[in-house]
Amino acid sequence: MRLSTLRVTCLSVAALSMFGSFIGNAQTDGLASRPPMGWNSWNHFHRNVDDAAVRAQADAMVSSGMRDAGYVYVNIDDTWQGERDAQGNIQANSRFPDMKALADYVHSKGLKIGIYSSPGALTCAKFAGSLGHEVQDARTYAAWGMDYLKYDLCGLREQMKVAATPEEAHKIMFDAYIKMRDALKATGRPIVYSLCQYGNDAVWRWGTEVGGNLWRTTGDISDKYSSMEAIGFSQAGLAKFAGPGHWNDPDMLEVGNGGMNADEYRTHMSLWAILAAPLLAGNDLSTMTAETKAMLTNRDVIAVDQDAAGKQGDRAWVEGPLEIWVRQLADGSKAVGVFNRHPSALTATVDFKALGFTRAVKARDIWQGKDMGTISAPYTARIPGHGVLFLKVSQ
Ligand code: GLA
């Protein structure tokens, strides 16, 4: 494979700082001041999640060091729902004998717990949704002690189908998200509100208006490089819509689920950190390997993701399969991801001057965990196929 050379143009850096001027224009309710970190049941357990599995994840989140690294939310996705009682109150199914006790258990570990529903009559997995029961369901979640709700459009598409125009369909969805926002607010319990409608109708433009603390920007991720790559690299241009309390969500992590190699999972983590994405692990934390644990708990990666300035990064340069993405950090340094989307190794040369640095830089190789000292000339490195060179660069 012929080697390629990579240089960053001043033009793309100028475009990047222009995006920065949009940041901070949205309201926040004090929740999700940093991108939420935690775990979600769907990617690994799908329909097989139950009380024991959730407890095991909470235990493992603590024993693995993930809690201490910043992971907080233990989120139950679809398929927990049972029948409504005579008064219409939603009950969990037999796999969750006592939701309140489960929430208490998770809280006792110093963690928070999340739940899932749909504004439609049915969820994606065809379990009971919240349509017509929004206020009641929000009260139930609060009474159980829930701290996070993922609200997944799915079944509402039945209602949207009868709309005469796309505008009418949009209004049905918009109003449904507002209804649950108000219902959650009325409980008085702080509950992170996660919108899931796959990025339709440019949700990043109106997600804050309906109270979203985060919103999915794409369809579902799967545990394949092609899926993660298509989602992650499609996020260019969305940085200006994210900030403290309101984040773009390119979907949950697949790290550790087995469908990608270590270089690909490092790309996944690095890109999500540059994107200020929620870090919701989607693997079985109770059986993960040391390598998976090390990736999920890498302190430098998490520090980029959770950076106090809350500025999402963006693509700064592209040459064929080689891309540089840059995120401005609060301390004046930048996270720089040099990605190789080609399946074989390529050589990239990074010109730090073109990235906005005026003199020699100090760089840290995040995945190697090594300070690289002072670099005064363009830096050339071999990037593995589907891999990344992830740097923290300062002057
Ligand atoms: C949708 C969502 C997924 C997951 C499933 C559950 O597909 O996008 O993240 O919640 O529903 O049914």
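Residues numbered from 1 in each chain as written. Predicted model: local features only at pLDDT ≥ 70, side-chain atom pairs only at ≥ 80, totals over all residues. Heavy atoms only, no water.

Notes on the domain arrangement of the protein chain
Here is step 1 of the chain: Its domain assignment divides the protein chain into domain 1 (7-305) and domain 2 (314-394).
Here is step 2 of the chain: Distance from the C-alpha centre of domain 1 to the C-alpha centre of domain 2: 29 Å.
Here is step 3 of the chain: Residue-level contacts link 34 residues of domain 1 with 30 residues of domain 2.
Here is step 4 of the chain: Buried area between domain 1 and domain 2, summed over both chains or domains, comes out near 2,800 Å², and the portion from carbon and sulfur atoms is 64%.
Here is step 5 of the chain: Counting across the domain 1 and domain 2 interface gives two salt bridges.
Here is step 6 of the chain: One salt bridge in this structure joins R341 and E229, with 3.0 Å as the shortest N-O distance. (Domains from an automatic or database assignment. Contact = heavy atoms within 4.5 Å. Buried area = accessible area lost by both parts, 1.4 Å probe. Salt bridge = Lys/Arg side-chain N within 4 Å of Asp/Glu carboxyl O.)

Comments concerning the packing of helix 6 (residues 134-144) against helix 8 (residues 166-187)
Here is step 1 of the chain: Taken N-terminus to C-terminus, the directions of helix 6 and helix 8 make an angle of 45 degrees; their axes are 8 Å apart at the nearest point. Here helix 8 runs oblique to helix 6, going by the angle between their axes. When you trace helix 6 past helix 8, the crossing you get is right-handed. Here E134, V135, A138, R139, Y141 and A142 of helix 6 come into contact with helix 8, specifically with K179, M180, A183, L184 and T187. (Axes fitted to C-alpha atoms, helices over the stretch in contact; angles between N-to-C directions. Helix = DSSP H or I, 4+ residues; strand = E, 2+ residues; numbered from the N terminus. Parallel < 35°, antiparallel > 145°, perpendicular 65-115°, else oblique. Left-handed = near helix turned anticlockwise from the far one by under 90°.)

Brief notes about the nonpolar core
Here is step 1 of the chain: Of all hydrophobic cores here, the largest spans 92 residues; its most connected members are Y71, W80, L296 and F390.
Here is step 2 of the chain: Here this core takes nine residues from helix 8, the largest share from any one element.
Here is step 3 of the chain: When we break this core down by domain, the ones giving at least three residues each are domain 1 (7-305) and domain 2 (314-394).
Here is step 4 of the chain: V326, V338, V361 and A381 belong to the second largest nonpolar core, which has 21 residues in total. (Core = buried A, V, L, I, M, F, W, Y, C linked by side-chain atoms within 4.5 Å. Buried < 20%, exposed > 50% of the residue type's maximum accessible area, 1.4 Å probe, protein only.)

Quick look at the site of the ligand
Here is step 1 of the chain: Lining the immediate surroundings of the ligand are 13 residues, of which D77, D78, K150, D152 and D220 lie closest.
Here is step 2 of the chain: D220 is positioned with one of its side-chain polar atoms (N or O) 2.5 Å from an oxygen atom of the ligand.
Here is step 3 of the chain: Summarising the interface, the protein chains cover 93% of the accessible area of the ligand, which totals 310 Å² for the free molecule. (Near = heavy atom within 4 Å. Polar contact = N/O pair within 3.5 Å; in protein donor to acceptor, adjacent residues only side chain to side chain. Areas by Shrake-Rupley, 256 points an atom, 1.4 Å probe, with all protein chains shown as cover.)

Some thoughts on helix 8
Here is step 1 of the chain: Over its 22 residues, helix 8 extends 32 Å from the first C-alpha to the last, a length consistent with the 32 Å expected when each residue adds 1.5 Å.
Here is step 2 of the chain: Inspection of helix 8 places A169, M173, F174, A176, Y177, I178, M180, A183 and L184 among the buried residues, and these make up the whole buried set.
Here is step 3 of the chain: Each element contacted by the buried residues of helix 8 is listed here: helix 6, strand 6 (148-152), helix 7 (157-161), strand 7 (192-196) and helix 9 (203-206).
Here is step 4 of the chain: Just downstream of helix 8 lies G188, where phi reads positive at about 80 degrees. (Expected span 1.5 Å × (residues − 1).)

Some words on the side chain of R216
Here is step 1 of the chain: With respect to the element layout, R216 can be found in strand 8 (residues 214-216).
Here is step 2 of the chain: Of note is the side chain of R216, whose polar atom sits 3.3 Å from the backbone oxygen of G219.
Here is step 3 of the chain: A polar side-chain atom of R216 sits 2.7 Å from a polar atom in the side chain of D220.

Notes on the packing of aromatic side chains
A ring pair, where both rings are aromatic, is described by two values, the distance of the centres and the angle of the planes.
Here is step 1 of the chain: The tally for this structure, following the rule as stated, stands at eleven aromatic pairs.
Here is step 2 of the chain: Between Y73 and Y148 the ring centres are 5.1 Å apart and the planes differ by 55 degrees, which places this aromatic pair in the tilted class. Here Y148 lies in strand 6 and Y73 lies in strand 2 (residues 73-75), a separation of 75 residues in the sequence. Note on accessibility: Y73 and Y148 belong to one class, buried.
Here is step 3 of the chain: Through a chain of ring-to-ring contacts, three or more aromatic side chains come together here, namely W80, Y141 and W144. (Phe/Tyr/Trp six-rings, centres within 6.5 Å; stacked < 30°, edge-to-face > 60°.)

Structural notes on the pattern of salt bridges
Here is step 1 of the chain: Scanning the entire structure with this criterion turns up 19 salt bridges.
Here is step 2 of the chain: R55 is the salt-bridge partner of D51, the closest N and O atoms lying 2.7 Å from each other. Residue D51 and its partner R55 are both found in helix 3 (residues 51-63); the two are separated by four residues, about one turn of the helix.
Here is step 3 of the chain: Residue class for D51 comes out buried when judged on its relative accessible area of 13%.
Here is step 4 of the chain: Of the residues examined, R55 reaches a relative accessible area of 25% and is grouped as partly exposed.
Here is step 5 of the chain: With its nearest N and O atoms 3.2 Å apart, the salt bridge here joins D263 to R266. Here the residue D263 and the residue R266 both occupy positions in helix 11 (residues 262-274), the gap between them amounting to three residues, near one helical turn.
Here is step 6 of the chain: Among the residues examined, D263 registers a relative accessible area of 24% and is labelled partly exposed.
Here is step 7 of the chain: Put simply, E229, R315, E323 and R341 are held in one network by salt bridges that share partners.

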